[in-house]
Amino acid sequence: MTQLGYEVAKPLVAEVYDFLARDPANGETYRVQVKTLRVRTDRDNALVVYARKGNGEPYTPDEVDLIIGVDHTRAFMFECTGLSEYWSTEQTARKRWILLKNDEKAAV
């Protein structure tokens, strides 16, 4: 996120989200949760992010604004809509989700 110009801050007390990020374009602050992005080879290499809290309940838009799914080479950011799982194909993810890369400033 910092490569896109966002300011990032970790909460000092326990919160549902992992960190706060301030958008440089509009000045808005967002609550961000980071989860593992998995490739489901048994589902035609679909990308999936399981967006559940420790108690098994999904994160809600009242708790989290954005979710970032991360694997070992990339990260995708998208809006939290209260689903427990977010699925996409590689092609669709590049249209619906924001691809965050270390070597790239532009969102895909």
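Below or above, wherever it landed, is the structure these notes cover. Counting of residues starts from 1 at the beginning of each chain's written sequence and follows it residue by residue. In keeping with the predicted nature of the model, local features appear solely for residues at pLDDT of at least 70, side-chain atom pairs appear and are counted solely at 80 or more, and the whole-chain, interface and lining totals rest on all residues. Note: side-chain values were computed over all heavy atoms of the structure, leaving out hydrogens and water.

1. A few points about the nonpolar core
Worth spelling out the cut-off: As used in this record, nonpolar core signifies buried Ala, Val, Leu, Ile, Met, Phe, Trp, Tyr and Cys residues forming a set joined through side-chain atoms within 4.5 Å. Burial classes: relative accessible area under 20% of the type maximum marks a residue as buried, over 50% as exposed, and values in between as partly exposed (1.4 Å probe, protein chains only). Only runs of H or I of at least four residues qualify as helices and only runs of E of at least two qualify as strands under DSSP, and these elements are numbered from the N terminus.
In this structure, I67, F76, Y86 and W97 are the most contacted members of the largest nonpolar core, which totals 15 residues. Counting only elements with at least two residues in this core, the list comes to β4 (46–50) and β6 (75–79). The next biggest cluster of nonpolar side chains, apart from the first, holds ten residues, and it includes M1, F19, A21 and M77.

2. Some points on the environment of L20
Filter applied, for reference: Whether two residues are in contact is decided by their heavy atoms: any pair within 4.5 Å suffices.
Note on placement: L20 falls in strand β2 (residues 19–22). Along the backbone, L20 and K10 are ten residues apart, and their C-alpha atoms lie at a distance of 6.3 Å. Residues within four places of L20 in sequence aside, it is in contact with E7, V8, A9, T29, Y30 and R31.

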